[in-house]
Amino acid sequence: CGIFGVIGVTDASNFVALGLHALQHRGQEAGGIVCYHPDAGFNSARRFGYVRDNFTSQDVMETLPGPLAIGHVRYSTAGSKAAAIRDVQPFFGEFSRGGAAIAHNGNITNAIALRRELIERGSIFQSSSDSECIIHLMARSLQKSVPERMEDALRRVEGAFSVVAMTRTKLIGVRDPLGVRPLVLGKVADGWCLSSETCALDIIGAEFVREIEPGEMVVITSDGKVDSRRPFRSQPSKFCIFEHVYFSRPDSIIGGKSVYDTRRRIGVELAREAPVEADLVCPVPDSGTPAAIGFSQESGIPYAMGIIRNQYMGRTFIEPTEQIRNMGVRLKLNVNRALIKGKRVVLVDDSVVRGTTSRKIKEMILDAGAAEVHFRIASPPTAWPCFYGVDTPQREKLLAATMTEDEMRDHLRVDSLRFVSLDGLYRAAGEAEGRDNACPQYCDACFSGEYPVEPSDMIEKGFEL
Ligand code: 5GP
Ligand code: SF4
Ligand code: MG
């Protein structure tokens, strides 16, 4: 999901709508905005579909006045797949000294246990979302102020969370102690903003100030003061390495590093680790593009657009059902036949999850008369599900959970298939020595199976580590 918040500007929800539009790649199912105006009070709008279709018309934006607003774009990981509007964030709660709204990116790994406990003690849940636990935990806190209620609540929550919240007078941002999901602070005109990624600061002309640190909470008041707190015990950070590979936008900056350049360097690593003789290097657009550029630069094999993407399709992976996903590949990608015919082609993609994309692309490209097809993948084999906010399927459906690299190559019937190594990925992400196996610098559980936070809900449901 994507989260965004602004304080101290006129018509804050316009800024939030723009910010969410720039974060649309993080969630396309639905979006919501909550705002506060001293005369009009709290207002909200929650809709299915794209930001540009819901939060651009005057009719809607006029109902969202005020100098303070937060928003959310949803991509369902926890919660029901056939999303109901009640699952669309931000969520709102009314406490003894005024209300608060929260928008959450990530996944709470002890949500089932928390929900059970909260319901037993009288909480009435409105949605199926794990994020709603935060509101109920806040309501039960004995603290008075909203930031302190939030501290109390989040200390009970396990897993990955970046949260943007607001009261009538404050904008609040928090990252979990491991800092799994991103959150950055920006300065816009006389106000401040919080965003999942820096690309959403650019769209509103905000200046990047810094990242919210793992385990940090910032409380920003209407008079422009930024107060930083540390509600959690400090731990080594575990930022999601898959943000670098796929999830973030390539024009975002993470940890001072350009996401585009990290992806390009994964391609360089791949060309060194798994060279091949071929005529063309083609990306599977758009997610494989920067790595393909890097592969071409390092190998000297010309880069070309062998697959053309229909710009009017979203991210196929994020379409929840199997059937739509299967069709999705053809709806979204087509082979540039004239270019491919008779060529030995290196195809570069960011990841193989179920293998749907690679299977279809291979068929399409052989059908177009390619002489050879060599897959190069800009991440290690995805062999484990993510429980921290990226929607990988159950383990059985992951191609790499049941097959070796060679078996996958035979299964996909391609001439060769190679994945970048974990160390190569870490080097590309700026860790010159590669992965520190004693204490990995990132979360890489979907590749290594080493989960930095125990997925206790899933273990309760029978998942075996
Ligand atoms: P597959 O088709 O193998 O199931 O999925 C791989 C494709 O899904 C890649 O092209 C990748 O760009 C895309 N993708 C989209 N969202 C995700 C996600 O959340 N996780 C992973 N691993 N891949 C994703
Ligand atoms: Fe990111 Fe993978 Fe860790 Fe999930 S399991 S947070 S996708 S690195
Ligand atoms: Mg892709």
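Residues numbered from 1 in each chain as written. Chains lettered and ligands numbered in written order. Predicted model: local features only at pLDDT ≥ 70, side-chain atom pairs only at ≥ 80, totals over all residues.

Named according to an unreviewed UniProt entry, the chain is Amidophosphoribosyltransferase originating from Pseudooceanicola algae. Per UniProt, the chain carries the Pathway (unreviewed entry) text "Purine metabolism; IMP biosynthesis via de novo pathway; N(1)-(5-phospho-D-ribosyl)glycinamide from 5-phospho-alpha-D-ribose 1-diphosphate: step 1/2." (UniProt positions renumbered as here; feature names shortened; annotations may be inferred.)

Peer 1: I'm lost on the UniProt feature "binding site: Mg(2+)" (unreviewed entry) in the chain in this one. Help?
Peer 2: Annotation from UniProt places "binding site: Mg(2+)" (unreviewed entry) at Ser 287, Asp 349 and Asp 350. Annotated residues spanning 64 residues; largest pairwise C-alpha distance 6.5 Å, indicating a single compact cluster. By the element assignment, Ser 287 lies in the loop between strand 17 (280-283) and helix 10 (289-299). Non-local contacts of Ser 287, meaning those with residues more than four positions away in its chain, are made with Tyr 246, Asp 349 and Asp 350. Inspection of the secondary structure puts Asp 349 in strand 20 (residues 344-349). If we ignore the near neighbours within four places in the chain, the residues touching Asp 349 are Val 284, Ser 287, Gly 288, Thr 357, Ser 358, Ile 377 and Ala 378. (Helix = DSSP H or I, 4+ residues; strand = E, 2+ residues; numbered from the N terminus. Contact = placed C-beta atoms within 7 Å.)

Peer 1: Which parts of the structure should I look at to understand unusual backbone geometry?
Peer 2: Excluding glycine, most residues fall at negative phi; most peptide bonds, likewise, are trans. The omega torsion of the bond from Gln 89 to Pro 90 falls at 0°, within 30 degrees of zero and hence cis. Following Pro 285, the chain continues into Asp 286 via a peptide bond in cis, with omega recorded as -10°. Even without glycine at this site, Asp 11 takes up a positive phi of about 55°. Under the C-beta neighbour-count criterion, Asp 11 is labelled partly exposed, with 18 such atoms within 10 Å. Even without a glycine there, the phi angle at Arg 413 is positive, about 50°. (Buried ≥ 20, exposed ≤ 12 C-beta atoms within 10 Å, placed from the backbone.)

Peer 1: Explain the packing of helix 9 (residues 259-273) against helix 10 here, please?
Peer 2: Each pair of packed helices gets described by two things: the angle between the helix axes and the distance between those axes. As a packed pair, helix 9 and helix 10 sit with axes 6 Å apart at the nearest point and diverge in direction by 45°. Comparing their axes, helix 10 and helix 9 come out oblique. Like other packed secondary-structure pairs, helix 9 and helix 10 cross with a definite hand, here right-handed. Packed against helix 9, whose contacting residues are Tyr 260, Arg 263, Arg 264, Arg 265, Ile 266, Gly 267, Val 268, Leu 270, Ala 271 and Arg 272, the element helix 10 presents Pro 290, Ala 291, Ala 292, Ile 293, Gly 294, Phe 295, Gln 297, Glu 298 and Ser 299 at the interface. (Axes fitted to C-alpha atoms, helices over the stretch in contact; angles between N-to-C directions. Parallel < 35°, antiparallel > 145°, perpendicular 65-115°, else oblique. Left-handed = near helix turned anticlockwise from the far one by under 90°.)

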